[in-house]
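Here is what each chain is made of, one letter per residue.
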Amino acid sequence: MASDRKVELYDTTLRDGTQGEGISLSVEDKLRITRKLDELGIPYVEGGWPGSNPKDAEYFVRAQGLTLKNAVVAAFAMTRRPGVTPEQDASIRALLDAQTRVVTLVGKSWDLHVTQVVETTLEENLRMIQDSIRFLKAKGRRVFYDAEHYFDGFKANQEYALQCLRAADEAGAERIILCDTNGGGMPWEVRDVVKRSLQTVKTPLGIHCHNDCELAVGNSLAAVEAGVFQVQGTVNGYGERCGNANLVSIIPNLKLKMGISCLTDAQLASLTEVSRFVSEIANQSPNAFQPYVGASAFSHKAGLHASAVAKVEHSYQHIDPLLVGNTKRVLVSELAGRGNILAKAKELFPDVPLHGDQARRILDQIKEQESKGFQYEGAEASFELLVRRAVGSLHPHFELVDFLVLVEKRRRLPTLGDVNGEVLSDAMVKVRVAGETSMVAAEGNGPVNALDAALRQALLRVYPSLAAVKLVDYKVRIVNETEGTGAKVRVLIESTDGERSWRTVGCSANIIEASWMALADSLEYWLLKRGVESA
């Protein structure tokens with residue numbers, strides 16, 4: 001489906017997105033995200049509110065030095081305050097100081113806010129809108145006007161909300177954006193209000209939705225269907241309360257589902273990368289279940305699904321994941337069939353041939369392991385080792401003979417301080433490597449760290465390249481909670497060599513043994529993938 005319509009994208013991650021709980025961006029962070037959004041092809045990037053804090057003021061100074069190919073940086077502020085002229089308003093002056101070609105003004109369109117929050121008259125609010133827009137246009141700025149709380153205002157006092165739009169239209173606003181600030185609108189309401197508003201003004205309209213009813217994306221698309229020209233949102237839906245409209249979902253929906261031009265095919269193919277880049281900069285864990293770009297967005301676990309996808313990919317996928325820069329994933333679990341095993345094996349290690357009977361045996365082994373508490377969905381490195389062991393293609397680089405871990409609370413004399421003592425851990429590992437058995441002891445900050453240190457000491461003399469491997473994440477999950485302290489635990493470890501990351505799993509009623517399984521798999525996997533010959 002193709003359409004001659006074009007929709008303009010406006011990103012407000014750097015302002016509205018930073019209002020999300022737990023999100024704080026430095027000036028350098030904001031500049032990096034600006035460059036990435038420019039690469040994606042976003043036409044407008046709202047950089048912040050220059051009059052609100054020194055960080056945003058610095059951003060606009062440094063943003064002037066950016067060389068951008070697609071994006072125009074916009075500065076944001078409120079209309080003038082009641083009873084003052086635009087020249088006297090500090091926020092308006094800060095907009096001019098930001099020296100951006102585009103400025104976005106936000107003003108009230110709900111009579112409740114005008115009279116009870118701003119505490120002014122309805123007539124003065126209309127003058128505030130017009131005076132501010134005219135002043136900034138006279139200074140050579142392109143002005144976008146955000147009609148805050150527009151949908152609530154339309155329900156409460158339809159005529160006044162429309163008067164606010166007409167005030168902005170008559171003053172010369174280049175865009176008027178209808179804001180569902182409280183995020184309470186329904187798609188059919190948004191569509192109807194947009195259609196009525198389009199009949200009132202000639203200025204192109206935009207939409208700005210919040211996600212309090214989990215409808216921000218749907219409401220934005222309903223507004224596009226009704227005729228708006230600009231769509232505002234944030235990367236990954238970051239924002240205050242429940243977040244803003246998620247541009248990462250809106251963009252492919254516009255282009256792939258509605259046939260509306262907003263990005264090129266090449267730009268769309270970078271969408272997954274951009275989503276993960278911004279989540280990394282914002283120090284937020286990527287949402288694996290996020291549509292289009294999440295790690296699980298095109299994952300297939302049930303045997304029936306994986307078997308069908310292996311034959312006809314679109315049988316269980318609504319789009320080709322490559323269109324948005326994502327990939328298909330076949331998961332392995334007790335729900336899998338032989339098709340999952342064969343597909344996953346081909347994906348991970350095409351050099352190891354598998355036939356149906358081998359896949360069945362491996363599947364039986366996986367089901368047996370998962371009944372004991374193992375889980376391979378998030379531990380693909382351990383899954384690959386399991387398969388290679390099953391088909392006899394794995395030649396271990398080392399073998400554990402025995403290990404001993406001690407945890408001791410060492411007490412000191414009161415005169416030396418620390419009367420409560422400290423807990424220290426020691427591990428002794430006996431490993432067979434290169435035909436020789438060696439015993440190594442090490443101390444660590446906790447039993448797992450001590451075990452890791454001892455194992456590495458035993459292996460580094462034969463495999464010195466293992467020094468590059470670092471453990472970056474360690475998770476413990478209780479498998480059978482009703483067993484109390486005797487419950488089994490599943491340990492999931494993420495490791496990296498600085499270039500790639502991989503995950504391994506271990507499970508046991510003994511947390512040290514479970515940790516050993518995951519640690520040993522991690523090092524074995526790295527040696528295998530590096531092509532290191534078994535000593």
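Residues numbered from 1 in each chain as written. Predicted model: local features only at pLDDT ≥ 70, side-chain atom pairs only at ≥ 80, totals over all residues. Heavy atoms only, no water.

Caption draft 1: Local environment of the sheet that holds strand 15 (residues 489-496). Spatial ordering of the open sheet is given by 14-15-16, a layout of three strands whose pairing is antiparallel. The open sheet is flanked by strand 14 (470-478) and strand 16 (501-508), the only strands paired with a single partner. Averaged over all neighbouring strand pairs, the angle between strand axes comes to 20 degrees, with direction disregarded. Where strand 14 and strand 15 come together, eight bridges link them in antiparallel fashion. Note on strand 15: the bridge partner recorded for Ile478 is Val489. The strands touched by helix 18 (residues 511-529) within the sheet are strand 14, strand 15 and strand 16, with strand 16 carrying the most contacts at an inclination of about 150 degrees. (Pairing = 2+ DSSP bridges. Helix = DSSP H or I, 4+ residues; strand = E, 2+ residues; numbered from the N terminus. Axes fitted to C-alpha atoms, helices over the stretch in contact; angles between N-to-C directions. Contact = heavy atoms within 4.5 Å.)

Caption draft 2: Up close: empty space enclosed by the protein. Under the definition given, this model contains four cavities of 30 Å³ or more. Estimated volume of the largest cavity: approximately 40 Å³. As for the largest cavity, its lining consists of Asp11, Leu37, Leu40, Ile42, Val235, Leu247, Val248, Ile251, Leu271 and Val274. Of the residues forming the lining of the largest cavity, the biggest block, three residues, is contributed by helix 10 (residues 247-257). The residue makeup of the lining of the largest cavity, split by class, is nine nonpolar, no polar and one charged. (1 Å grid on protein atoms, 1.4 Å probe; cavity = no way out; pocket = protein on both sides within 12 Å on 5 of 7 lines; lining within 4 Å. Points joined across faces, edges and corners; volume = space filled by probe spheres on them. Nonpolar A, V, L, I, M, F, W, Y, C, P; charged D, E, K, R; others polar.)

Caption draft 3: Spotlight on the pattern of salt bridges. One pass over the full model with this rule turns up 28 salt bridges. For the salt bridge of Arg241 with Asp212, the shortest nitrogen-to-oxygen distance reads 2.7 Å. With Arg241 in the loop between strand 8 (230-233) and helix 10 and Asp212 in the loop between strand 7 (205-209) and helix 9 (216-226), the pair connects residues that are 29 residues apart, well separated along the chain. For Asp212, a relative accessible area of 27% corresponds to the partly exposed category. Shared partners join several salt bridges into a network, and the residues in it are Glu8, Arg142, Glu174 and Arg175. (Salt bridge = Lys/Arg side-chain N within 4 Å of Asp/Glu carboxyl O. Buried < 20%, exposed > 50% of the residue type's maximum accessible area, 1.4 Å probe, protein only.)

Caption draft 4: Main features of the sheet that holds strand 2 (residues 44-48). Pairing in this closed barrel of eight strands is parallel, and the strands run 1-2-3-4-5-6-7-8 around the ring. Each adjacent strand pair in this sheet contributes to an overall mean axis angle of 25 degrees, direction not counted. One ladder, built from three bridges, connects strand 7 with strand 8; its direction is parallel. Within strand 8, the position partnered with Gly206 by the bridge is Gln230. Strand contacts of helix 3 (residues 90-98): strand 3 (72-78) and strand 4 (102-108), with the helix running at about 170 degrees to strand 3, the strand carrying the most contacts. Here helix 7 (residues 158-171) sits on the sheet in contact with strand 4, strand 5 (142-148) and strand 6 (175-180), set at roughly 155 degrees to strand 6.

Caption draft 5: Representation of unusual backbone geometry. The backbone of Gln99 sits at a positive phi, close to 60 degrees, despite the residue not being glycine. Judged by its relative accessible area of 54%, Gln99 falls in the exposed class.

Caption draft 6: Spotlight on the packing of aromatic side chains. In total, this model carries nine aromatic pairs according to the counting rule given. An angle of 70 degrees between the planes, with centres 5.3 Å apart, marks the rings of Trp49 and Phe76 as edge-to-face. Of this pair, Trp49 sits in the loop between strand 2 and helix 2 (54-63) while Phe76 sits in strand 3, and the two are 27 residues apart along the sequence. Seen in terms of ring centroids, Tyr150 and Phe151 are 5.8 Å apart; in terms of plane orientation they differ by 80 degrees. Their pairing is edge-to-face. Take Tyr150 and Phe151: they sit in the same class, and that class is buried. One aromatic cluster in this structure is built from Tyr10, Tyr44 and Phe144. The positively charged end of Arg15 is found above the aromatic ring belonging to Phe76, 3.6 Å away from the centroid. Over the face of the ring belonging to Tyr59 we find Lys30, whose NZ or CZ atom lies 5.2 Å from the ring centre. (Phe/Tyr/Trp six-rings, centres within 6.5 Å; stacked < 30°, edge-to-face > 60°. Lys NZ or Arg CZ within 6 Å of the ring centre and 35° of its normal.)

Caption draft 7: Representation of the nonpolar core within the structure. In this structure, Ile133, Leu136, Tyr145, Tyr150, Ile251 and Leu254 are the most contacted members of the largest nonpolar core, which totals 85 residues. If we ignore the near neighbours within four places in the chain, the residues touching Ile133 are Leu105, Val143, Tyr145, Ala168, Ala171, Gly172 and Ala173. Judged by nonpolar contacts, the second largest core, of 35 residues, contains Leu394, Val405, Val448 and Trp526. (Core = buried A, V, L, I, M, F, W, Y, C linked by side-chain atoms within 4.5 Å.)

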